[in-house]
Structure formats: structure tokens, C-alpha cells
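Below are the chains, spelled out letter by letter.
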Amino acid sequence: VDDCLYWGSDDDTETWFEDTLGKQLRINFMGDLSFYLGVHYQWSTTSDGRLQVHCTQEGQIHKMLEQHSLLDANAVDTPYRSGLPIDHIPHNGLEPSDKPELVKAYQSLVGGLNWVSLSTRPDITPATSLLASYLHNPSAGHLVGAKHVLRYLKGTVNWGICYTQPVSYTHLRAHETEA
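These lines cover the structure that appears in this document, whether it is placed above or below. (Residues numbered from 1 in each chain as written. Predicted model: local features only at pLDDT ≥ 70, side-chain atom pairs only at ≥ 80, totals over all residues. Heavy atoms only, no water.)

### Examining the packing of helix α2 (residues 58-67) against helix α5 (residues 140-155)
At a closest axis distance of 10 Å, the pairing of α2 and α5 adopts a crossing angle of 135°. By the angle between their directions, the pair α2 and α5 is classed as oblique. Where α2 crosses over α5, the handedness of that crossing is left-handed. Contact residues: α2 offers Ile-61, Met-64 and Leu-65, while α5 offers Leu-150, Leu-153 and Lys-154. Its residues placed into classes, the contact of α2 with α5 shows five nonpolar, no polar and one charged. (Axes fitted to C-alpha atoms, helices over the stretch in contact; angles between N-to-C directions. Helix = DSSP H or I, 4+ residues; strand = E, 2+ residues; numbered from the N terminus. Parallel < 35°, antiparallel > 145°, perpendicular 65-115°, else oblique. Left-handed = near helix turned anticlockwise from the far one by under 90°. Contact = heavy atoms within 4.5 Å. Nonpolar A, V, L, I, M, F, W, Y, C, P; charged D, E, K, R; others polar.)

Spelled out as C-alpha cells, the structure:
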């Protein structure tokens, strides 16, 4: 492993972790995390002092839009196309060996969608999962369906997932003392 990310509940715990790990391994601590494996981390503190991180993949989505020539495409409001369920897209009857460029483009796009859905965008997971069931032998219609999901991401590029440190008993006690 080249990179590792961690965070703790307080500075003392993080210092202990760094000291303990540093005694066992040669480590370069690089400071606060802002980007890791294509995910952008925006750190903040809630009004009651809890740590919060918002994770997005705007750069990854932009890269996929560019790769699949959709930078100028119109965004859509939903990852699903009305009247055309993903699991009912017609198949073209061709073998994968007869359409290697289509298969490669489709696998690349669905793989990227899968990474985004697993990392920061659970809202596209059902559509991505259905699309992934056609990785071996997609049709042009399946590629259109995958591009539709990407066009949805284009319109919601700054959406992500947010984690907030839970309220603990000691956290509540500290705020009661302040009042």
C-alpha cells in the first residue's frame, strides 16, 4: 500500500496513532486529506463542533464526460429513461467479438459509473448494477443507457456523500458545561 488515510475522534488519538505507527514503519505524514483516489474531501465543523466531511467526485465525472464525448451534452434529471427500463433494453444479437469497440467503451463507462456509485453516489447504484449485468455483451442501446446515467451525473456533479461525527455522550457533556 502506498497511501493510507485515517482520521480520529480527537487530536490526541491521531498523534498517538502517528507516533505508534511511525515507530514500526517509515512514514511520510502529508497533512490533511483533500483528494484521494479521485475523491475530493471537504472538511468542516458543524455549529455544535462535530467534524464533518463532504465527499464528491467532480473531477472523475468530468473526466468520464470528456472520455465519452458528453461535455456538451444536456444534463438529465434522473438516471432512468422514461419508458425504457434498463433490464428491457433490446439486444442486437451480435457476439462480443463482432463489436469490440462497443464492448470496450461500455465496460469503461460502466466501470467508471460503478466506482462513482461505490465511492460517493449511492443514488446511481441501482442503475449501475443493472447496466453491469450486460458487461459481457452490451448492445448500442445499453451504451445509450449508460451515457444517460452519466448525463444525470453531469447535472448533479457537486452532489456527494456527507459524513458527520456522531453526537457522543462526552460531546453533549462538554456543551452542557459551556452553557
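### With respect to unusual backbone geometry
Look at Ser-69: it is not a glycine, yet its phi comes out positive at around 55°. One can find Ser-69 in the loop between α2 and α3 (100-119). Of the residues examined, Ser-69 reaches a relative accessible area of 67% and is grouped as exposed. (Buried < 20%, exposed > 50% of the residue type's maximum accessible area, 1.4 Å probe, protein only.)

### Some points on a nonpolar patch on the surface
Among the surface-exposed residues, Leu-25, Ile-27 and Phe-29 lie close enough to one another that they form a single nonpolar patch of about 250 Å² accessible area. Mapped onto the secondary structure, Leu-25 falls in the loop between α1 (11-24) and β1 (35-36). (Patch = residues over 30% accessible without salt bridge, like charges linked within 9 Å, V, L, I, M, F, W, Y side chains within 5 Å. Areas by Shrake-Rupley, 256 points an atom, 1.4 Å probe, with all protein chains shown as cover. Salt bridge = Lys/Arg side-chain N within 4 Å of Asp/Glu carboxyl O.)

### Points about the sheet that holds strand β2 (residues 39-45)
Pairing in this open sheet of four strands is antiparallel, and the strands run β1-β2-β3-β4 from one edge to the other. Strands at the two margins of the open sheet, each flanked by one partner only, are β1 and β4 (160-164). (Pairing = 2+ DSSP bridges.)

### Some thoughts on the nonpolar core
When a protein is soluble and globular, its nonpolar side chains tend to lie buried together. Counting residues in hydrophobic clusters, the biggest one holds 24 residues, and the most contacted among them are Leu-113, Leu-131, Leu-150 and Leu-153. Counting residues per element, the ones that place at least two in this core are α2, α3, α4 (125-132) and α5. Sequence-distant contacts of Leu-131, that is, excluding residues within four places in its chain, are made with Ile-86, Tyr-106, Val-110, Leu-113, His-142, Gly-145, Ala-146 and Val-149. By size, the runner-up hydrophobic cluster in this structure holds five residues, among which are Leu-33, Tyr-41, Val-53 and Cys-55. (Core = buried A, V, L, I, M, F, W, Y, C linked by side-chain atoms within 4.5 Å.)

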